[in-house]
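# Report on the structure
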Amino acid sequence: MSDCLFCSIASGAAPGFLVASTDTAAAFLDVRPVFKGHVLVVPKTHVVTLTDLDPADIPGYFGFVQKIAAAVETGLSAGGTFVAINNRVSQSVAHLHTHVVPRTKGDGLKGFFWPRTKYASDDEALSYAEKVSAVMSS
């Protein structure tokens, strides 16, 4: 897609701090990192969300994400990584991208980026589980 920033970076048509690339995916630095070394991994084919990704492409894509996560840890001497995907909500560019953020103990990042909540009861939790399960079973 010619007007997609991530497609342009992945194809080399737009500048980006490329970390690695395969035939089907590219990894480059996020220009607004949570921490320095924050990498975005994108499929080279334009898809907006994870659910749009062709199931045949999932093993290769996440295999590449896994390698990037290991490289971020080793290359940056990080204690670990935070790996995340936003689908539509909070997705600053409408192209599937996986965040690989380097982590170190005491880096100040607490839990998730969003507020946490609780279920009012086990029955309420069960009702949510059943709604998702029903879709998976159909």
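This text gives an overview of the structure that appears in the document.

About the criteria used
Residues numbered from 1 in each chain as written. Predicted model: local features only at pLDDT ≥ 70, side-chain atom pairs only at ≥ 80, totals over all residues. Heavy atoms only, no water. 1 Å grid on protein atoms, 1.4 Å probe; cavity = no way out; pocket = protein on both sides within 12 Å on 5 of 7 lines; lining within 4 Å. Points joined across faces, edges and corners; volume = space filled by probe spheres on them. Helix = DSSP H or I, 4+ residues; strand = E, 2+ residues; numbered from the N terminus. Nonpolar A, V, L, I, M, F, W, Y, C, P; charged D, E, K, R; others polar. Salt bridge = Lys/Arg side-chain N within 4 Å of Asp/Glu carboxyl O. Buried < 20%, exposed > 50% of the residue type's maximum accessible area, 1.4 Å probe, protein only. Pairing = 2+ DSSP bridges.

### Focus: the layout of surface pockets
Gaps left between atoms show up when a probe the size of a water molecule is rolled over them. Space inside the largest pocket adds up to approximately 490 Å³. Taken together, 27 residues make up the lining of the largest pocket; nearest its centre are Asp-30, Arg-32, Leu-40, Ser-92 and His-99. Where the lining of the largest pocket is concerned, the elements lending two or more residues are α1 (5-11), β2 (25-29), β4 (80-85) and β5 (98-103). Residues of the lining of the largest pocket, tallied by class, amount to 17 nonpolar, eight polar and two charged.

### With respect to the pattern of salt bridges
A complete count under the given rule lists one salt bridge for this structure. Residue Arg-103 is joined to Asp-107 by a salt bridge in which the shortest nitrogen-to-oxygen separation is 2.6 Å. Under the relative-accessibility criterion, Asp-107 is labelled buried at 18%.

### Details of the pairing of β2
By the criterion of burial, β2 is predominantly enclosed, with four of the five residues buried. Relative to β2, strand β1 (residues 18-21) runs antiparallel, the two sharing three bridges. Its bridge partner being in β2, Ala-20 is matched across the sheet by Ala-27. A loop of three residues connects β1 with β2, the two strands running antiparallel in sequence. Strand direction decides the pairing type here: β2 and strand β3 (residues 39-43), joined by five bridges, are antiparallel.

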